[in-house]
Amino acid sequence: MATHGFPKSNAYDQTVVREKIMGPNPLKLLEELLQDHAIPCDGTVMDLGSGQGITSVMLAKDYGFRVFACDLWSDPTDNLRFFERMGLSTDRVVPLKTDAANGLPFAREFFDAVVSIDSYHYFACDPAFLDEKLLPFVKPGGFVYIAVPGMKDDGLHEDLPAELLLSWTPEELSALHDAAYWQTLVNQAQDADVVSVHEMDVNEEAWNDWLACDNEYSVNDRASLDAGAGAYLNFVAIVLRKR
Ligand SMILES: C[S@@+](CC[C@H](N)C(=O)[O-])C[C@H]1O[C@@H](n2cnc3c(N)ncnc32)[C@H](O)[C@@H]1O
């Protein structure tokens, strides 16, 4: 297993991180995902499913990208205030309320890259999503970097382990899939080449950071993880290049 020191993620005030994350540590997921990235250093990047904006801050501050923070559930005004608090003006990060499944509000071929952390499974399981809803906004030769929570083996859905059911319903778990599922899904895109689909190293560490938070969702997730459900879960990294 590769070792990741996560220097960028660990440099953040962990009180702020715990306040803003909405699941397993998205900063560490992002840092591992972008380890050998090929996005131009002054590139324009969409943070798709940006949540409360902590990954958008990292994309702007630590990678130097101009970022559009696109999210459905969070309040863009709250995110704007957070970006200001983090010293970022709207020429660095722009918050938007957007539904990725219903048409993103951008010009075609606007982005050098799209990054999506712990969100893609909510809106992108339709095989047509990439060609119809996302890739039109990426420049030819641009990239899509995705980190999605998954199941180590989709066969587990046939007889869900009791540990998983301590925190989640079968319906919630139905969004989690193995790397083979994601490979098959993204292989169907006509307008992108699949660069890689692989299990990430950061899984356990990202979960531990999340379980150390004190909100109703992290508290809910503790029952499963404390019982050993982490053995069935992973994160899958997906990297695509627009044709
Ligand atoms: C588990 S949260 C992760 C947020 C953030 N990336 C993080 O890791 O902290 C999932 C995010 O997906 C976003 N989301 C769900 N459906 C969406 C859609 N149709 N369009 C855009 N964002 C969506 C939600 O708004 C939510 O912020």
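Our subject is the structure listed above.
Just so it is clear, the structure is predicted and the values come from calculations on it, not from any experiment.

## Structural notes on the environment of Asp209
Summarising the element assignment, Asp209 is placed in helix 11 (residues 203-211). When the C-alpha positions of Asp209 and Gly5 are compared, they lie 14 Å apart, and in sequence the two are 204 residues distant. With residues near it in sequence (within four places) discarded, Asp209 still touches Pro24, Asn25 and Lys28.

## Observations concerning helix 11
Among all positions in helix 11, only Asn203, Ala206, Trp207, Asp209 and Trp210 are buried. Taken down its axis, helix 11 places every buried residue within 160 degrees of arc, on the same side.

## Topic: the nonpolar core
With 69 residues, the main nonpolar core has Val144 and Ile238 as its most contacted residues. Considering each element in turn, this core owes the most residues, eight residues, to strand 5 (residues 138-151). Those residues in contact with Val144 that sit more than four places away from it in its chain are Ala113, Val114, Leu134, Val138, Ala192 and Leu240.

## Describing the sheet that holds strand 6 (residues 192-199)
Read from one edge to the other, the open sheet built from seven strands follows the order 3-2-1-4-5-7-6, with strand pairing classed as mixed. With partners counted over all chains shown, the strands left at the sheet margins are strand 3 (93-97) and strand 6, one partner each. Taken over all neighbouring pairs, the strand axes of this sheet differ in orientation by 15 degrees on average, direction set aside. Where strand 6 and strand 7 (residues 233-242) come together, seven bridges link them in antiparallel fashion. Within strand 7, the position partnered with Ala192 by the bridge is Lys242. Lying on the sheet, helix 3 (residues 26-33) is in contact with strand 4 (111-117), strand 5 and strand 7; it crosses strand 4 at an angle near 135 degrees.

Analysis parameters
Residues numbered from 1 in each chain as written. Predicted model: local features only at pLDDT ≥ 70, side-chain atom pairs only at ≥ 80, totals over all residues. Helix = DSSP H or I, 4+ residues; strand = E, 2+ residues; numbered from the N terminus. Contact = placed C-beta atoms within 7 Å. Buried ≥ 20, exposed ≤ 12 C-beta atoms within 10 Å, placed from the backbone. Arc of directions from axis to C-beta. Core = buried A, V, L, I, M, F, W, Y, C linked by C-beta atoms within 7 Å. Pairing = 2+ DSSP bridges. Axes fitted to C-alpha atoms, helices over the stretch in contact; angles between N-to-C directions.

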